[in-house]
Amino acid sequence: MEVEVKLRLQDAAPHRQLTTILSPYLSKTLHQQNLFFDTPTNTLSSQLSVLRLRFPYNDARCIISPKSKPTLVDGVSRVEEDEEELDPGIARSCVEDRVRLGKIESRILKRVKEEFGVGEEMGFVCLGGFENRRQVFDWKILKLEVDETKYEFWDLLRGRM
């Protein structure tokens, strides 16, 4: 089980300070693109869910995952997430032709169709997305990930443990 603690940094200055302090523990830097999908009739979002395609490592991989069933208890947010790797070439072609996304062979898409009532004929629409640069630090027994996220409309600096 993975537990994430997300901290929002006010601006670039604390982001620089944090990454400078942690720099001796840097294990890798990831560049990722995240795209979110729903049906044209909002079948997923009406059930507090969304389908995400994540392209880490400059299209060397693609991970598909539904993000669903969010809960907020005592200020702690939890979101169910299940992941599966897809061929990145096929996934990129699905971004270009969203009808194709509903037709590929995938355990995740089969689950989305069954659990949320998404028919193959419905297709998907892209809701948008973001890119981020994630620096991963191995510090003591923790894996610390510090993200710099770029949305089309603003940049967000975030740290997570």
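Attention here is on the structure that accompanies the text. Note that the structure is predicted; figures quoted are calculated from it, not measured.

Conventions and cut-offs
- Residues numbered from 1 in each chain as written.
- Predicted model: local features only at pLDDT ≥ 70, side-chain atom pairs only at ≥ 80, totals over all residues.
- Heavy atoms only, no water.
- Salt bridge = Lys/Arg side-chain N within 4 Å of Asp/Glu carboxyl O.
- Helix = DSSP H or I, 4+ residues; strand = E, 2+ residues; numbered from the N terminus.
- Buried < 20%, exposed > 50% of the residue type's maximum accessible area, 1.4 Å probe, protein only.
- Phe/Tyr/Trp six-rings, centres within 6.5 Å; stacked < 30°, edge-to-face > 60°.
- Lys NZ or Arg CZ within 6 Å of the ring centre and 35° of its normal.

Some thoughts on the pattern of salt bridges
Consideration 1: If you walk through the whole model with that rule in mind, you get 15 salt bridges.
Consideration 2: Between Arg-52 and Glu-81 there is a salt bridge, and its shortest N-O distance comes to 2.9 Å. Within this pair, whereas Arg-52 is found in strand β3 (residues 50-56), its partner Glu-81 is found in strand β5 (residues 76-81), the two being separated by 29 residues in sequence.
Consideration 3: Look at Arg-52 and you get buried, because its relative accessible area is 4%.
Consideration 4: Overall, the relative accessible area of 36% leaves Glu-81 in the partly exposed class.
Consideration 5: Note that Glu-115 and Arg-111 form a salt bridge whose closest N and O atoms lie 2.6 Å from each other.

Focus on the packing of aromatic side chains
Consideration 1: Summed over the entire model, instances satisfying the criterion amount to two aromatic pairs.
Consideration 2: Between Phe-130 and Tyr-151, the ring centres sit 5.2 Å apart and the planes meet at 50°, which makes this aromatic pair tilted. Separated by 21 residues along the polypeptide, Phe-130 in strand β7 (residues 125-139) and Tyr-151 in the loop between β8 (142-150) and β9 (155-160) bring together distant segments of the chain.
Consideration 3: Residue classification places Phe-130 among the buried residues on the basis of a relative accessible area of 16%.
Consideration 4: An aromatic cluster is defined as three or more aromatic residues linked by ring pairs; in this entry it consists of Phe-36, Phe-130 and Tyr-151.
Consideration 5: The lysine or arginine in question, Arg-92, covers the ring of Phe-55, its NZ or CZ lying 3.7 Å from the ring centre.

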